[in-house]
Amino acid sequence: MPKLQTLTDYLDETLRLAEVPDYPTALNGLQLENNGRFTRIAAAVDATLPVIRKAIAEKADLLVVHHGMFWQGAQPITGGAYARLRLAIENNLAIYSAHIPLDVHPRYGNNALLAKALGLKNTEPFFPWKGILLGIRTTVNLKRDPLVKALGKALGGPVHVCPGGPTTVRNVGIITGGAGSEIAAIARECIDTFITGEGPHWSYTAAEELGVNLLYGGHYATETFGVR
């Protein structure tokens, strides 16, 4: 049986947890330990009660997630929060979480792997955030509709499209998750087509006014790549 600490040390170093900034509730790294060993790993976007139940049913003793146990902030250990913790501890399930470090990783990151699924090449980091570059961008020569179709295929579901920009795409930017609210800053980066998970209502109308195609693929759907 492999040692849990050996794996988590490897993940911490590989994903550069000590170097990459994040939100306070992310608490990246090992969030819940077990007896120190593991034999089967499960992966999911969120450490929710249904996910923990499924991981236990599949006899996993390590769960790797993108959004960890404390994503909603401090809360009483009652109801669902209690059930999650009790079930994980009783079934020796360790939980490891990596948020922004997994989004931005050049090999295992959500951004990079989504770009790869779309066949986009020659990508480079862009969009400054807390001292790092949060997204990736590339220059292409594509029609908008085939790009939307390819995105839907990569994500396994429908894409909500704000066709505010050109029908021929030249500059694509990707930030997975919930980056729609950054549409004005994205436009200033000369991105004509921005792929993200979700955004507030006003991000759609702002994209129209700014002349940017805004493709909402779903927060969850765009962040399945890294944990896989």
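Here the structure is shown first, and the text comes after it.
First, a word on what this report is: a plain description of the structure on this page. The shown structure was predicted, so the numbers you read here are calculated from the model rather than taken from an experiment. (Residues numbered from 1 in each chain as written. Predicted model: local features only at pLDDT ≥ 70, side-chain atom pairs only at ≥ 80, totals over all residues. Heavy atoms only, no water.)

**Concerning the pairing of strand β3 (residues 62-67)**
So, point 1. For β3, the tally of buried residues reaches six of six residues, placing the bulk of the element in the interior.
So, point 2. Of the pairings in the sheet, the one linking strand β2 (residues 41-46) to β3 comprises five bridges and is parallel in character. Residue pairing in the sheet places A43 in a bridge with V64 of β3.
So, point 3. In terms of handedness, the path from β2 via helix α2 (residues 49-57) over to β3 forms a crossover that is right-handed.
So, point 4. Two elements, β3 and strand β4 (residues 94-97), share four bridges in a ladder whose sense is parallel. Of the residues in β4, the one forming a bridge with V64 is Y96. (Buried < 20%, exposed > 50% of the residue type's maximum accessible area, 1.4 Å probe, protein only. Helix = DSSP H or I, 4+ residues; strand = E, 2+ residues; numbered from the N terminus. Pairing = 2+ DSSP bridges. Right-handed = clockwise from strand over helix to strand, strands pointing away.)

**Quick look at the packing of α2 against helix α3 (residues 79-90)**
So, point 1. Packing of α2 against α3 leaves a shortest axis separation of 9 Å and a crossing angle of 15°. Between α2 and α3, the angle is such that the two are roughly parallel. You can see that α2 and α3 cross each other, and the crossing is left-handed. Facing L49, I52, R53 and I56 of α2, the residues of α3 in contact are A83, R84, L87 and A88.
So, point 2. Here the contact of α2 with α3 is built from residues that sort into six nonpolar, no polar and two charged. (Axes fitted to C-alpha atoms, helices over the stretch in contact; angles between N-to-C directions. Parallel < 35°, antiparallel > 145°, perpendicular 65-115°, else oblique. Left-handed = near helix turned anticlockwise from the far one by under 90°. Contact = heavy atoms within 4.5 Å. Nonpolar A, V, L, I, M, F, W, Y, C, P; charged D, E, K, R; others polar.)

**Notes on the environment of L30**
So, point 1. Topologically, L30 is positioned in strand β1 (residues 29-32).
So, point 2. Classification of L30 as partly exposed rests on a relative accessible area of 33%.
So, point 3. Put simply, L30 and D12 are 18 residues apart on the chain and 8.9 Å apart in space, counted from C-alpha to C-alpha.
So, point 4. Ignoring sequence-local partners within four residues, the contact set of L30 consists of L4, T8, A94, I95 and Y96.

**So, the state of the cysteines**
So, point 1. Taken as a whole and assessed by the stated rule, the structure comprises zero disulfides.
So, point 2. Sulfur of C162: no disulfide; nearest cysteine sulfur belongs to C190 and is 18 Å away. (Disulfide = S-S within 2.5 Å.)

**So, the sheet that holds β1**
So, point 1. With mixed pairing, the four strands of this open sheet are ordered in space as β1-β4-β3-β2. Across the chains shown, the open sheet's two edge strands, defined by having one partner strand only, are β1 and β2. Across the sheet, the axes of successive neighbouring strands diverge by a mean angle of 30°, strand direction being ignored.

**Remarks on the nonpolar core**
So, point 1. Residues L134, I175 and F194 are the most contacted members of the largest nonpolar core, which totals 22 residues.
So, point 2. Only α4 (100-104), β5 (124-129), β6 (132-143), α7 (183-188), α8 (201-210) and β10 (213-216) provide two or more residues apiece to this core.
So, point 3. Among the elements that take part in this core, α7 stands out by supplying four residues, more than any other.
So, point 4. If you look at the next biggest cluster of nonpolar residues, it comprises 18 residues, including L118, I136, L151 and I195. (Core = buried A, V, L, I, M, F, W, Y, C linked by side-chain atoms within 4.5 Å.)

**As for the side chain of T168**
So, point 1. By secondary structure assignment, the location of T168 is in strand β8 (residues 168-174).
So, point 2. Polar contacts involving the side chain of T168 include one to the side chain of K143, which spans 2.9 Å.
So, point 3. Every residue in contact with T168, bar those within four places of it in the chain, is listed here: N141, L142 and K143. (Polar contact = N/O pair within 3.5 Å; in protein donor to acceptor, adjacent residues only side chain to side chain.)

**Overview of the pattern of salt bridges**
So, point 1. Under the counting rule described, the total for this entry stands at four salt bridges.
So, point 2. The shortest N-O distance in the salt bridge between E19 and R16 comes to 3.5 Å.
So, point 3. The salt bridge partner of R137 is E189, with a shortest N-O separation of 3.7 Å. Pair noted here: R137 is in strand β6 and E189 is in the loop between α7 and β9 (193-196), with a separation of 52 residues, a long-range link.
So, point 4. For R137, a relative accessible area of 16% corresponds to the buried category. (Salt bridge = Lys/Arg side-chain N within 4 Å of Asp/Glu carboxyl O.)

**Overview of the side chain of N110**
So, point 1. As for its placement among the helices and strands, N110 is situated in helix α5 (residues 110-117).
So, point 2. According to the relative accessible area criterion, N110 is buried, its value standing at 0%.
So, point 3. At 2.8 Å, the side chain of N110 and the side chain of D103 are in polar contact.
So, point 4. Ignoring anything within four residues of it in the chain, the contact list for N110 reads H66, L102, D103, T176, T222, E223, T224, F225 and G226.

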